[in-house]
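Each chain, letter by letter, is given below.
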Amino acid sequence: MDAESKSAASRYGWIVLAALAAAAPWIVSPYELSLLGRFLAMAILAIGLVLLWGEAGILSLGQGVFFGLGGYAIAMHLKLAALSPGDLPDFMTWSGRDTLPWWWVPFENPVFAILAVFAVPGVIAALFSWLVFRRRVVGVYFALITQALALCFATLLISQQPSTGGFNGLTDFQTLFGADLASPGAILTLYWVTVAAAALSYLGVRWLMGSRFGTLLRATRDGENRVRFLGHDTAPYKVVAFTAAAVLAGVGGALFTMHAGVISPALVGVVPSIEMVIWVAVGGRNSLWGAVAGTLLVNFAKDEISSALPDLWLYALGLVFIVVVTLMPRGVAGVVEDALRRIRPKAGAKGMIEPTAAKAGSAP
Amino acid sequence: MTELPLVLGQVFNGFSVASLFVLAALGLALSFGLMRVINMAHGEMLMLGGYLAYLTFLVVPGPLAIFVAMPVAFVGAALVGALLETTVIHRLAERPLDTLLATWGVSLIMQQAARNIFGAIGVGVTAPTWLNETVSLGGVTFPATRLFILLVAVLVLLALSLVIARTRIGLLVRAVNQDREMAAATGIDVRRVDLTVFCLGTGIAGLAGVVLALLGPVTPNVGQSYIVPAFLVVILGGLGSLVGTTIAAVLTGLVSALSQIFVDVSFSQVLVLLFVIVFLQFRPQGVVAVRSRALEG
């Protein structure tokens, strides 16, 4: 995004969002607040997608994988924390397992689980993207490979029922670090933690976008070979962008799991992964506040429509995909920014028009 | 060597799966080579072919209904393809990643429409009795349905290579494939070539849908189960090459079928993906690399 389009909306949009998020507990009902918390957790993933898709031009159709890795990491801890020593999670007993799988054991430690929320998506994303970007697999190819990744992840989760909870996933959590998860206090605390995490991600990614790193990402998006000719190896930048987006997705997934009380293959597979992209497309892929707003917008709409008219939701979603992508590629943020510019033309915008006018005037 | 029949059987299964992959991937590969776009609704063309087969079997009973269903499905899917190309894909020609998303929207709508029209459970096609036979060879039994699918795939491949190599439209396709601007400059109607190839591709997918209907019930998301492997086949095959796509489909089919001797279906899916990623480490351009001096492939 050039300096020209950094309008009032992109400069002050985050203040509006922050004020709304801070005021929400006093305005909306507890049910709506829990939805808002859930959607803000998803917005953290969307913020990562702005860096990856908007800035670096890398379309990932597999963000659900990293969302799920973060979610499952915290869910495994929550599952174990509620047990008395020596017991097994309920679904393991049902499917006839009598020992805890070895990779479940360390998740009894809350510190390990929280570290895993960051580390597991980060390490897997770094490894995967390094293998693929190293060989200059880009664009459509990359998008399709990430989609295959999402498919594999979801099928593995479903097929390994005794150790992953299978199709139902992990659910039915009772305590959260000693506190009763259902108490109003815990819900409010969780909400504030989510708001703080979203704000930190927002500011962090904004800082990244403004840094030299961000400039190089945009340059790679617009002309990867030119960047190479200037002497930069583009692969490491892309790996960092992909990994950062994956870590944000993991954090979002972990917070989502605590809000929703469930994580399952149906939330992380091929279809949800591509739905995550549409949150950002609706909001505006180049705009951080747009991506957050788009996530809230799409998900509140989904909640309303799919509970009233379940059949209609998929038609609506399909139409949104087509209309947003073909007619408004810069999303809601683009529409708002254009409108603001029309209301209050800036000096910069005038500067763009004048030379043309001068030229037209001087022509015979 | 008690395992030999098992391995042979899986090799045959591999080819049989590969023939489905080829039919599903050919259309994708053709239009990807030409326009650099991937149609995410391609799987729903398989689905459409399946439902058209079901409808044809209702109208035309008898053992030869399948030979009526095939052209019906081909034409039906090609027409829907033409609609899709002119309304959505053509508009997004310069933005391949956005084409993915827009066509995914089309795919969602088509799936939901099928769910509302035909129900979520799926409809069955009774295969004609002459397809219920089995052929036994060297201790391995081959179901006739699978042999028939293999035959269809081979015939489609032969016909398509003849069209590309010998006909005037094939000549135009090759020209646009090599250099779009230059082809346009010599007066070739590039737009029409794009449209023709896209329709041909979706038509083949419709044909594949008829074949799928012989194997199992046609459900609203029947296409989804074949489309992700088909995407991987296109990636493996290299830019829009017929030979590459065929080899890639056989490789993918064999990896999938042979790995299922040792692991379950879900792990074999992971192995196929790993195979593709490892393969790209050695040949990032795919099986058949198009050599070109152009900087941006």
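Refer to the preceding data block for the structure.
Residues numbered from 1 in each chain as written. Chains lettered and ligands numbered in written order. Predicted model: local features only at pLDDT ≥ 70, side-chain atom pairs only at ≥ 80, totals over all residues. Heavy atoms only, no water.

Asker: Is there a simple way to explain the overall build of chain A in this structure?
Answerer: From N to C terminus, chain A includes 15 helices and four strands. A globule of 364 residues ought to have a C-alpha radius of gyration of about 21 Å, and chain A, at 22 Å, matches this closely. Seen through its C-alpha atoms, chain A measures out along the principal axes to roughly 90 × 50 × 40 Å. Across the 364 residues of chain A, 51% fall into the buried class. When contacts within chain A are restricted to residue pairs at least 6 apart in sequence, long-range pairs at least 24 apart make up 80% of them. Here chain A displays about 16,200 Å² of accessible surface, and carbon together with sulfur accounts for 69% of that area. (Helix = DSSP H or I, 4+ residues; strand = E, 2+ residues; numbered from the N terminus. Rg over C-alpha atoms; globule rule 2.2 N^0.38 Å. Buried < 20%, exposed > 50% of the residue type's maximum accessible area, 1.4 Å probe, protein only. Contact = heavy atoms within 4.5 Å. Areas by Shrake-Rupley, 256 points an atom, 1.4 Å probe, with all protein chains shown as cover.)

Asker: Help me out: how do you make sense of the overall build of chain B in this one?
Answerer: For chain B, the helix and strand inventory stands at eleven helices and two strands. Ordered by position in the sequence, the α and β elements of chain B form the string α-α-α-α-β-β-α-α-α-α-α-α-α. Projected onto its principal axes, the C-alpha coordinates of chain B cover approximately 60 × 50 × 35 Å. A total of 297 residues make up chain B; the buried ones form 53% of that total. Partitioning the intrachain contacts of chain B with sequence separation of at least 6 by distance along the chain shows that 78% fall at a separation of at least 24.

Asker: How should helix H2 (residues 30-55) of chain A be read in this particular structure?
Answerer: Helical geometry note: an α-helix holds 3.6 residues per turn, so side chains three or four residues apart project in the same direction. Residue and element names in this part refer to chain A. With 26 residues, H2 ought to run about 38 Å at 1.5 Å a step, and its terminal C-alpha atoms sit 36 Å apart, in line with that. At Leu49, H2 is deflected by roughly 30°, the largest bend along its length. Of all 26 residues that make up H2, 22 are buried, and the element is covered over most of its length. Looking at the residues trailing H2, positive phi occurs at Gly57, about 70°. (Expected span 1.5 Å × (residues − 1). Bend = angle between axes of the 7 residues up to and from the residue.)

Asker: I would appreciate a short explanation of the packing of aromatic side chains in the present structure.
Answerer: Any aromatic ring pair is given by two values, namely how distant the centres are and how the planes are angled relative to each other. Taken as a whole and judged by the stated rule, the model has 20 aromatic pairs over all chains. The interplanar angle of 40° and the centroid separation of 6.0 Å between the aromatic rings of Phe128 of chain A and Phe242 of chain A together place this pair among those described as tilted. Placement of Phe128 of chain A in helix H5 (residues 110-134) and of Phe242 of chain A in helix H10 (residues 234-260) is noted, with a sequence separation of 114 residues between them. Accessibility expressed as a relative area gives 8% for Phe128 of chain A, which makes it buried. Assessed through its relative accessible area of 1%, Phe242 of chain A is described here as buried. Ring geometry for Tyr141 of chain A against Phe32 of chain B: centres 5.6 Å apart, planes inclined by 85°, an arrangement best described as edge-to-face. Note that Tyr141 of chain A is positioned in helix H6 (residues 139-159) and Phe32 of chain B in helix H1 (residues 4-35), a pairing that runs across two chains. (Phe/Tyr/Trp six-rings, centres within 6.5 Å; stacked < 30°, edge-to-face > 60°.)

Asker: What am I meant to see in the pairing of strand E2 (residues 140-143) of chain B here?
Answerer: Remember that side chains alternate between the two faces of the sheet whenever the strand is regular. All names here are of chain B. Alternating residues of E2 divide into Val140 and Phe142, all buried, and Thr141 and Pro143, none buried. Here strand E1 (residues 134-137) runs beside E2; their pairing, made up of four bridges, is antiparallel. Paired with Val135 across the two strands is Phe142, which belongs to E2. (Pairing = 2+ DSSP bridges.)

Asker: What exactly am I supposed to notice about the side chain of Lys238 of chain A here?
Answerer: Residue and element names in this part refer to chain A. By the element assignment, Lys238 lies in helix H10. With a relative accessible area of 5%, Lys238 lands in the buried category. Not counting chain neighbours up to four residues away, the residues in contact with Lys238 comprise Ile58, Phe133, Val138, Thr220 and Glu224.

Asker: Which parts of the structure should I look at to understand the pattern of salt bridges?
Answerer: Where charged atoms from two side chains of opposite charge approach closely, those side chains can pair. One pass over the structure, following the stated rule, counts twelve salt bridges over all chains. Put simply, Arg228 of chain A and Glu224 of chain A hold a salt bridge, and the shortest N to O gap is 3.2 Å. Taken together, the residues Arg228 of chain A and Glu224 of chain A, both in helix H9 (residues 212-229) and four residues apart, mark about one turn of the helix. Looking at Glu224 of chain A, the relative accessible area reads 16%, which means it is buried. For Asp98 of chain B, the salt bridge goes to Arg95 of chain B, with nearest N and O atoms at 2.7 Å. Given a relative accessible area of 3%, Asp98 of chain B falls into the buried group. (Salt bridge = Lys/Arg side-chain N within 4 Å of Asp/Glu carboxyl O.)

Asker: Got a minute to help me understand the interface of chain A and chain B in this structure?
Answerer: Where the parts come together, the accessible area they lose is often given as the size of the interface. In this assembly, 43 residues from chain A lie in contact with 41 residues from chain B. Summed over both sides, the interface between chain A and chain B buries roughly 3,900 Å², with carbon and sulfur atoms accounting for 75% of that surface. Inspection of the region where chain A meets chain B yields one salt bridge. We note a salt bridge from Asp98 of chain B to Arg285 of chain A, for which the minimum N-O separation is 3.1 Å. The tally of links between chain A and chain B comes to ten residue pairs in polar contact (both at pLDDT 80 or more). Those elements giving two or more residues to the side of chain A that touches chain B turn out to be H5, H6, H9, helix H11 (270-283) and helix H13 (310-327) of chain A. The biggest single contributor to the side of chain A that touches chain B is H6 of chain A, with 14 residues. By residue class, the composition of the side of chain A that touches chain B is 30 nonpolar, nine polar and four charged. (Buried area = accessible area lost by both parts, 1.4 Å probe. Polar contact = N/O pair within 3.5 Å; in protein donor to acceptor, adjacent residues only side chain to side chain. Nonpolar A, V, L, I, M, F, W, Y, C, P; charged D, E, K, R; others polar.)

Asker: Looking at this structure, I do not really get the packing of helix H10 (residues 242-259) of chain B against helix H11 (residues 265-282) of chain B. What am I missing?
Answerer: Between two packed helices, what matters for the description is the angle formed by their axes and the separation of those axes. Residue and element names in this part refer to chain B. Two elements in contact, H10 and H11, have axes separated by 9 Å at closest approach and are oriented at 140°. On the basis of the axis angle, H10 is oblique to H11. As H10 runs across H11, the sense of the crossing is right-handed. Every residue of H11 that contacts H10 at Leu251, Thr252, Val255, Ser256 and Ser259 is listed here: Ser268, Leu271, Val272, Phe275 and Phe279. Looking at the contact of H10 with H11 residue by residue, the class counts come to six nonpolar, four polar and no charged. (Axes fitted to C-alpha atoms, helices over the stretch in contact; angles between N-to-C directions. Parallel < 35°, antiparallel > 145°, perpendicular 65-115°, else oblique. Left-handed = near helix turned anticlockwise from the far one by under 90°.)

Asker: Can you walk me through the side chain of Gln281 of chain B in this structure?
Answerer: Relative to the elements of secondary structure, Gln281 of chain B occurs in helix H11. Note on Gln281 of chain B: relative accessible area 12%, which makes it buried. The residues contacting Gln281 of chain B, other than those within four sequence positions of it, are Leu131, Val132, Arg134 and Arg135 of chain A.

Asker: What exactly am I supposed to notice about the environment of Asp264 of chain B here?
Answerer: With respect to the helices, strands and loops of the structure, Asp264 of chain B is situated in the loop between H10 and H11. Look at Asp264 of chain B and you get partly exposed, because its relative accessible area is 36%. Between the C-alpha atom of Asp264 of chain B and that of Pro229 of chain B, which follows or precedes it by 35 residues, the distance is 17 Å. In contact with Asp264 of chain B, not counting residues within four places along its chain, are Ser159 and Gln160 of chain A.

Asker: When you look at the environment of Val271 of chain A in this model, what are you seeing that I'm missing?
Answerer: Assignment of secondary structure puts Val271 of chain A in helix H11. Placed 86 residues apart in sequence, Val271 of chain A and Gly185 of chain A show a C-alpha to C-alpha distance of 34 Å.

Asker: When you look at a nonpolar patch on the surface in this model, what are you seeing that I'm missing?
Answerer: Residues and elements named next belong to chain A. A cluster of nonpolar side chains, Trp26, Ile27, Leu188 and Trp192, forms an exposed patch at the surface whose accessible area comes to about 480 Å². Those elements that provide at least two residues to the nonpolar patch are helix H1 (8-27) and helix H8 (184-210). Inspection of the secondary structure puts Trp192 in helix H8. Assessed through its relative accessible area of 33%, Trp192 is described here as partly exposed. (Patch = residues over 30% accessible without salt bridge, like charges linked within 9 Å, V, L, I, M, F, W, Y side chains within 5 Å.)

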